[in-house]
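Listed below are the residues making up each chain.
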Amino acid sequence: MNLNASTNSVEALVAKIQGLSGGTARDLAHLHSLLKESEDLLVSSDSTRPSPASFLSELDPSKHSLGYLYFLEASTSRPISKEGSGEVALSITRFIDACKADQIRLAPDKFISVCRRFKDQVLLAEAPIRGVAPMLIAVRKLQISSEQLTPLHPDFLLLCLLAKCYKTGLSVLEDYIYEVDQPRDFFLYCYYGGMICIGQKQFRKASELLHNVVTAPMSTINAIAVEAYKKYILVSLIYAGQFSTSFPKYTSSVAQRNLKNFSQPYLDLAISYSTGKISELESCVQMHKEKFEADNNLGVVKQVVSSMYKRNIQRLTQTYLTLSLEDIANSVQLKSSKEAEMHVLQMIQDGEIYATINQKDGMVRFLEDPEQYKTCQMIEHIDSSIQRIMALSKKLSAMDEHISCDALYLAKVGRERHRFDFEDFDSVPQKLNM
């Protein structure tokens with residue numbers, strides 16, 4: 001009797017899904033209410049009741065996306081055997097690809113839960129690359145606009161990192177994010193994004209993302225901010241050639257008090273770097289090598305060392321018009337003129353210096369920047385930068401107006417505002433007598 005009753009209930013729910021999914025927004029809202037009321041039925045552990053997975057074949061993920069999502073979430077919440085994990089991952093992949101965005105956005109928590117279980121399955125199978133493309137589709141379908149940060153952004157970037165699909169991760173990092181719901185999502189998004197940019201040697205973008213983590217509001221210190229601060233120091237040395245230990249005034253007091261306490265070896269490295277002496281820098285690296293290895297930052301530290309050679313070569317361009325490769329090697333403490341030539345060639349290729357090398361006599365001639373800022377490509381670049389800045393200005397103005405009308409903000413400002421006294425009006429002119 002119970003089996004028949006439960007089967008009829010689930011079958012009735014399937015029929016409702018099939019009947020209401022293609023209807024109006026009101027029909028979908030009604031279906032959503034029915035699905036929420038039926039959650040206990042779907043997740044029940046009673047072995048006499050049919051599994052939600054057994055009804056998935058009766059639903060089309062492209063037409064019945066909301067109902068399919070509820071059944072899929074319920075079926076994947078149960079223990080999955082190692083043998084069945086591949087089939088589960090495949091079924092979720094197909095659903096993500098086929099589902100309608102307007103339906104799954106009605107139950108975002110369910111969709112996020114399913115996508116995270118998918119991520120866990122591909123990581124368990126040690127095949128993160130299988131999750132990159134489906135998770136990117138999931139991010140785009142969950143987003144209401146490209147300005148919104150979703151809880152799936154960090155999961156997607158983590159898969160890109162583990163699969164070394166850095167360019168795919170960059171496609172999401174190019175979006176300008178203005179809407180953030182959960183602080184942890186923002187911390188992880190910027191941290192993983194910074195690591196992806198390091199992998200692509202886009203140190204300027206990496207510096208911006210890691211800076212966001214370090215200076216973001218926080219009430220207590222967290223491990224993400226600590227690790228981001230360490231990488232931020234390294235990236236700053238590579239990109240800017242220096243690091244300031246002072247924090248911007250908008251940084252939380254918690255971060256200002258605690259971050260340095262966890263990062264002393266990295267601060268020592270920054271001090272050594274500021275001397276411009278490669279021998280001191282290498283000694284510092286050797287002293288803290290175990291710590292850098294434990295933090296998985298030794299590879300970036302080696303890039304810091306390499307950047308000092310480049311920085312010292314750049315300084316020579318400010319003093320000399322021509323210089324031999326041997327003199328360059330001696331000046332920047334390279335082992336041979338051949339090694340100096342390799343560094344100079346790489347810097348010319350990367351646009352870090354402008355020079356020509358005479359292979360016959362081993363002389364390097366340093367040149368001025370050839371950019372005249374009058375090509376069509378440069379004009380388009382400048383115009384796009386201006387348009388982006390104008391759009392950002394409008395966005396900031398709108399946010400400022402929104403905050404100035406916020407009831408909580410006005411109440412807080414009102415509590416903190418002091419009463420006026422007579423001294424506040426000393427500079428006000430007296431009313432003229434008539």
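- Under an unreviewed UniProt entry, the name given to the protein chain is COP9 signalosome complex subunit 3, and the source organism is Coffea canephora.
- The UniProt entry for the protein chain carries the following text under Sequence similarities (unreviewed entry): "Belongs to the CSN3 family."

### Thoughts on a nonpolar patch on the surface
Thought 1: Together, Tyr373, Ile382, Ile386 and Met390 make up a nonpolar patch on the protein surface, roughly 390 Å² of accessible area in all.
Thought 2: As for its placement among the helices and strands, Ile386 is situated in helix H21 (residues 376-404).

### A few points about the side chain of Lys230
Thought 1: Mapping Lys230 onto the fold places it in helix H13 (residues 223-240).
Thought 2: The buried category is assigned to Lys230, whose relative accessible area is 3%.
Thought 3: For Lys230, the contacting residues outside a window of four places in its chain are Phe262, Ser263, Tyr266, Lys291, Asp295 and Asn297.

### Observations regarding the UniProt feature "domain: PCI" (unreviewed entry) in the protein chain
Thought 1: This chain's UniProt record puts "domain: PCI" (unreviewed entry) on residues 202-371.
Thought 2: When the span residues 202-371 is considered, its composition is 61% helix and 6% strand, and the gap between its end C-alpha atoms is 21 Å.

### Notes on the side chain of Asp175
Thought 1: Looking at the secondary structure, you find Asp175 in the loop between helix H10 (166-173) and strand E2 (179-180).
Thought 2: Relative accessible area serves as the criterion here: at 18%, Asp175 is assigned to the buried category.
Thought 3: Sequence-distant contacts of Asp175, that is, excluding residues within four places in its chain, are made with Arg140, Ser146 and Tyr189.

### Details of the packing of aromatic side chains
Thought 1: Enumeration according to the criterion identifies eight aromatic pairs in this entry.
Thought 2: With 5.4 Å between their ring centres and 10° between their planes, Tyr68 and Phe95 make a pair best called stacked. Within this pair, whereas Tyr68 is found in helix H4 (residues 65-76), its partner Phe95 is found in helix H5 (residues 85-98), the two being separated by 27 residues in sequence.
Thought 3: The class of Tyr68 is buried, set by a relative accessible area of 9%.
Thought 4: Note on Tyr191 and Tyr192: the rings are 6.0 Å apart at their centroids and 45° apart in plane angle, and the pair reads as tilted.
Thought 5: Given a relative accessible area of 16%, Tyr192 falls into the buried group.
Thought 6: Three or more aromatic residues joined by ring pairs make a cluster, and in this case those are Tyr229, Tyr232, Phe243 and Phe247.

### Some details on the nonpolar core
Thought 1: Counting 118 residues, the largest nonpolar core has Phe71, Phe111, Leu152, Tyr229, Leu269 and Ile328 as its most contacted members.
Thought 2: If one sorts the elements of this core by residue count, H13 sits on top with eleven residues.
Thought 3: Every residue in contact with Leu269, bar those within four places of it in the chain, is listed here: Leu234, Leu237, Leu281, Cys284, Val285, Phe292, Val301 and Val304.

### Let's talk about the pairing of strand E5 (residues 363-366)
Thought 1: Only one face of E5 is buried, namely the one carrying Val364 and Phe366, since none of Met363 and Arg365 on the opposite face is buried.
Thought 2: Pairing of strand E4 (residues 355-358) with E5, which is carried by four bridges, proceeds in the antiparallel orientation. Within the sheet, the bridge partner assigned to Asn358 lies in E5 and is Met363.
Thought 3: Where E4 hands over to E5, the hairpin turn is made up of four residues, of which Gly362 adopts a positive phi near 70°.

### Examining the confidence of the model for the protein chain
Thought 1: For the protein chain, per-residue confidence averages 89 on the pLDDT scale, and 91% of positions sit at 70 or higher.
Thought 2: Between residues 430-434, whose pLDDT stays under 50, and residues either more than four places distant or in other chains, the model counts zero contacts.

### Brief notes about the domain arrangement of the protein chain
Thought 1: Structurally, the protein chain comprises domain 1 (1-143), domain 2 (182-318) and domain 3 (320-380).
Thought 2: Put simply, the middle of domain 1 and the middle of domain 3, counted by C-alpha atoms, are 59 Å apart.

### Quick word on the packing of H13 against helix H15 (residues 264-274)
Thought 1: Two elements in contact, H13 and H15, have axes whose closest approach is 10 Å; the angle formed by their N-to-C orientations is 10°. By the angle class used here, H13 and H15 are roughly parallel. Relative to H15, H13 is oriented so that their crossing is left-handed. Between H13 and H15, the residues in contact are Tyr229, Lys230, Ile233, Leu234 and Leu237 and Tyr266, Leu267, Leu269, Ala270 and Tyr273, respectively.
Thought 2: A breakdown of the residues in the contact of H13 with H15 according to their chemical character gives nine nonpolar, no polar and one charged.

Quick notes on the rules
- Residues numbered from 1 in each chain as written.
- Predicted model: local features only at pLDDT ≥ 70, side-chain atom pairs only at ≥ 80, totals over all residues.
- Heavy atoms only, no water.
- UniProt positions renumbered as here; feature names shortened; annotations may be inferred.
- Patch = residues over 30% accessible without salt bridge, like charges linked within 9 Å, V, L, I, M, F, W, Y side chains within 5 Å.
- Areas by Shrake-Rupley, 256 points an atom, 1.4 Å probe, with all protein chains shown as cover.
- Salt bridge = Lys/Arg side-chain N within 4 Å of Asp/Glu carboxyl O.
- Helix = DSSP H or I, 4+ residues; strand = E, 2+ residues; numbered from the N terminus.
- Buried < 20%, exposed > 50% of the residue type's maximum accessible area, 1.4 Å probe, protein only.
- Contact = heavy atoms within 4.5 Å.
- Phe/Tyr/Trp six-rings, centres within 6.5 Å; stacked < 30°, edge-to-face > 60°.
- Core = buried A, V, L, I, M, F, W, Y, C linked by side-chain atoms within 4.5 Å.
- Pairing = 2+ DSSP bridges.
- pLDDT = per-residue confidence, 0-100.
- Domains from an automatic or database assignment.
- Axes fitted to C-alpha atoms, helices over the stretch in contact; angles between N-to-C directions.
- Parallel < 35°, antiparallel > 145°, perpendicular 65-115°, else oblique.
- Left-handed = near helix turned anticlockwise from the far one by under 90°.
- Nonpolar A, V, L, I, M, F, W, Y, C, P; charged D, E, K, R; others polar.

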